[in-house]
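Overview (structure and organization)
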Amino acid sequence: MTPRRQRMLAVVVIFVGVSIAATLLLRALDMNTMYFFGPEEVLTGKAPLDKPFRLGGLVVNGSFKREPGSLEATFEVTDNVARVTVSYTGVLPDLFTEGQGMVANGRLREDGVFVAAEVLAKHDENYMSPEIAKMLDKKGHPGSPMDTLVEDPT
Amino acid sequence: MWNWFYKLASPPHFYRTATVLEPWLFWPALVLLAIGLYGGLVMAPADYVQGDGYRIIYVHVPSSYLSMFTYVTMAVTSAIGLIWRMKLAFCVAAACAPIGAAFTFMSLTTGAIWGQPMWGTWWVWDPRLTSQLILFFLYLGYMFLRQALAETRQADRASGVLAVVGVVNIPIIHFSVEWWNSLHQPASLSKLETPAIAGDMLWPLLVMILAYQLLMLALLMTGIRAQVLEREKNARWVGELLDTTGHEA
């Protein structure tokens, strides 16, 4: 084996070794690297219910309620499989709207309502002008942003 | 057949090639930058949800892409340097680091500026954001390691190993939005089926990416020339270069 071959082998071994190590590490961390849990994972008990965690999903159309003159809002969040009701008191980010994604940080109360301390809006990867969005909406195109939303899961 | 390759690997030859290439990369990059910015900031329509705020993607997406492209370049040239003991490859790798760090910094800051109004927060410890921050630290670590080792050969090898090791982070950044639940939206561009960005918003983005790519290469040429001069400062050809041009170096 020439020295150059040896060095080539060494570089390949380093690369492969680190890749395997990283893969194993990320697999071992698995659930801990979950940035948020969906409603289904909450209802099946996969989410850590005894401590604060993040809940993510789409805000169900027509579920948003807020008493006039109050900052307390309730809405339902779905992953198209299950639903969880969220209660939050505070100012919501600009992109927060029904049908869009959101991630909330908080805990599950005994009655199954998720009490959020913080709500973040999650944007999807679609970019288009309002005119096109409206047009797609009328046609009911499957790529329509207003349409990919949340059919009633029940 | 390999002649051109060996010739390219010779520092004086590459120095001359880089000097010729530099303006041909830099000026087109500036022109494309102007076209892309005009297209993105003036011609493209506002987004249906984000309004004008989405326009930060014209800076954010190209810098994020270049932050990863530059790292891969740094890792590949480091590997070539380590295996074939090629000095020029280490010159390229060393020149990549500050450029890549700058792109990563821009990617992180523009993302934070967008995140504040849109998500409602400057920063979250989300897999995508965290892995991108690690990329920034990899660049910094690479540069500090080079600084710390006085002997060039030693610095080349140690920092080269670090660059090769750190390259595992690149697929993690790219796939983080698919592997894990993430606050960051998935990729809009690399989705092949249906383009997730409308055409009139897409073309300025593609122009901006090309502009950034050329700009990165132009900066890389400058960086490589500086690296070559630094390493060869006692060589005769550098002395001759100084005599003939005076202002070079």
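Residues numbered from 1 in each chain as written. Chains lettered and ligands numbered in written order. Predicted model: local features only at pLDDT ≥ 70, side-chain atom pairs only at ≥ 80, totals over all residues. Heavy atoms only, no water.

1. Focus on the overall build of chain B
Cut-off, in case you're wondering: Numbering of helices and strands starts at the N terminus; helices are DSSP runs of H or I of at least 4 residues and strands are runs of E of at least 2. The buried label goes to any residue with under 20% of its type's maximum accessible area, the exposed label to any with over 50%, and the partly exposed label to all in between, with areas taken from a 1.4 Å probe on protein chains only. What makes two residues a contact is simply this: any of their non-hydrogen atoms within 4.5 Å. Computed by Shrake-Rupley with a 1.4 Å probe, the accessible areas treat only the displayed protein chains as cover when residues are assessed. We count Lys and Arg on the positive side and Asp and Glu on the negative side, and we leave His and both chain ends out. Charge positions are represented by NZ for Lys, CZ for Arg, CG for Asp and CD for Glu.
Of regular secondary structure, chain B possesses nine helices and zero strands. The order of α-helices and β-strands along chain B, N terminus first, is α-α-α-α-α-α-α-α-α. For chain B, the spread of C-alpha atoms along the three principal axes comes to 60 × 35 × 35 Å. Within chain B, buried positions represent 53% of all 249 residues. Of the contacts made within chain B by residues no fewer than 6 positions apart, 73% connect residues no fewer than 24 positions apart. With an accessible surface of roughly 11900 Å², chain B has 71% of that area assigned to carbon and sulfur atoms. Computing the positive centroid from 14 side-chain charges and the negative centroid from 14, chain B places the two 11 Å apart.

2. Notes on the pattern of salt bridges
This is how it is decided: Salt bridge, as used here, is a side-chain nitrogen of Lys or Arg placed within 4 Å of a carboxyl oxygen of Asp or Glu.
The full count for this structure, using the stated rule, is 10 salt bridges over all chains. We note a salt bridge from Arg83(A) to Glu76(A), for which the minimum N-O separation is 2.7 Å. Looking at Arg83(A), the relative accessible area reads 25%, which means it is partly exposed. Looking at Glu76(A), the relative accessible area reads 23%, which means it is partly exposed. Across the salt bridge formed by Glu151(B) and Arg153(B), the nearest N and O atoms sit 3.9 Å from each other. Taking relative accessible area as the criterion, Glu151(B) reaches 43% and is therefore assigned partly exposed. Its relative accessible area of 53% is what places Arg153(B) among the exposed residues. Each of the salt bridges in this network shares a partner with another, and the network as a whole consists of Arg146(B), Asp156(B) and Arg231(B).

3. A look at the pairing of strand E3 (residues 72-78) of chain A
Residue and element names in this part refer to chain A. Note the following rule: At least two bridges found by DSSP between two strands are what make those strands a pair.
With two bridges joining them, strand E1 (residues 53-59) and E3 adopt antiparallel strand pairing. Within E3, the residue paired with valine 59 across the bridge is valine 77. The sheet contact formed by strand E2 (residues 65-66) and E3 spans two bridges and is antiparallel. Residue pairing for E3: arginine 66 is matched across the bridge by alanine 73. Here E2 hands over to E3 after five residues, with glycine 69 in that stretch at a positive phi of 80°. Across seven bridges, E3 lies against strand E4 (residues 83-89) in antiparallel orientation. Bridge pairing in E4 places valine 77 opposite valine 84. A loop of four residues connects E3 with E4, the two strands running antiparallel in sequence, and asparagine 80 in this loop sits at a positive phi of about 70°.

4. Describing the domain arrangement of chain A
Applicable threshold: Segment limits for the domains were obtained from an automatic or database-derived domain assignment.
Splitting chain A by domain gives domain 1 (3-32) and domain 2 (36-122). Once you take the C-alpha centre of each, domain 1 of chain A and domain 2 of chain A turn out to be 39 Å apart.

5. A closer look at the nonpolar core
What counts is decided by this rule: Only buried residues count toward a nonpolar core. Its members are Ala, Val, Leu, Ile, Met, Phe, Trp, Tyr and Cys residues joined through side-chain atoms within 4.5 Å.
Counting residues in hydrophobic clusters, the biggest one holds 60 residues, and the most contacted among them are Tyr58(B), Tyr71(B), Met74(B), Leu220(B) and Ile224(B). For this core, the secondary structure elements donating two or more residues are helix H2 (11-43), helix H3 (57-84), helix H4 (87-118), helix H5 (127-148), helix H7 (169-179), helix H8 (199-231) and helix H9 (236-245) of chain B. For this core, the leading source of residues is H8(B), giving 17 residues. Excluding anything up to four places from it in sequence, Tyr71(B) contacts Leu135(B), Leu138(B), Tyr139(B), Leu162(B), Ala163(B), Gly166(B), Val167(B) and Ile170(B). Among the nonpolar cores identified, the runner-up in size contains 30 residues, and Phe37(A), Val77(A), Ala121(A) and Leu183(B) belong to it.

6. Overview of the interface of chain A and chain B
Spelled out, the test is: Joining two parts hides part of their accessible area as seen by a 1.4 Å probe, and the buried area is that hidden amount summed over both. Whenever two N or O atoms come within 3.5 Å, that pair is a polar contact, provided that in protein one can donate a hydrogen and the other can accept it, and provided that, for residues adjacent in sequence, both atoms are side-chain atoms. Asp, Glu, Lys and Arg are counted as charged, while Ala, Val, Leu, Ile, Met, Phe, Trp, Tyr, Cys and Pro are counted as nonpolar; the rest, among them Gly, fall into the polar class.
Facing the 36 residues of chain A at the interface are 43 residues of chain B. The contact between chain A and chain B buries some 3500 Å² in all, and 67% of this surface belongs to carbon and sulfur atoms. It is Tyr35(A), Glu125(A) and Tyr127(A) that lose the most area in chain A upon contact with chain B, and together they represent 22% of the buried surface on that side. Where chain A touches chain B, the interface holds zero salt bridges. Across the chain A-chain B interface, the total number found is seven residue pairs in polar contact (both at pLDDT 80 or more). Mapped onto the side of chain A that touches chain B, the elements with two or more residues apiece are helix H1 (3-29), strand E6 (114-122) and helix H3 (130-139) of chain A. If one sorts the elements of the side of chain A that touches chain B by residue count, H1(A) sits on top with nine residues. Of the residues contributing to the side of chain A that touches chain B, the split by class is 23 nonpolar, six polar and seven charged.

7. Focus on a nonpolar patch on the surface
All names here are of chain B. Defined as follows: Exposure above 30% relative accessible area and no salt bridge define the residues that can form patches, which grow by joining like charges within 9 Å and nonpolar side chains of Val, Leu, Ile, Met, Phe, Trp and Tyr within 5 Å.
A grouping of Val31, Ile35, Leu37, Tyr38, Leu41, Val42, Met43 and Trp203 is seen on the molecular surface, where their side chains present a nonpolar patch of about 760 Å² in accessible area. By residue number, the principal contributor to the nonpolar patch is H2, which donates seven residues. Position of valine 31 among the secondary structure elements: in helix H2.

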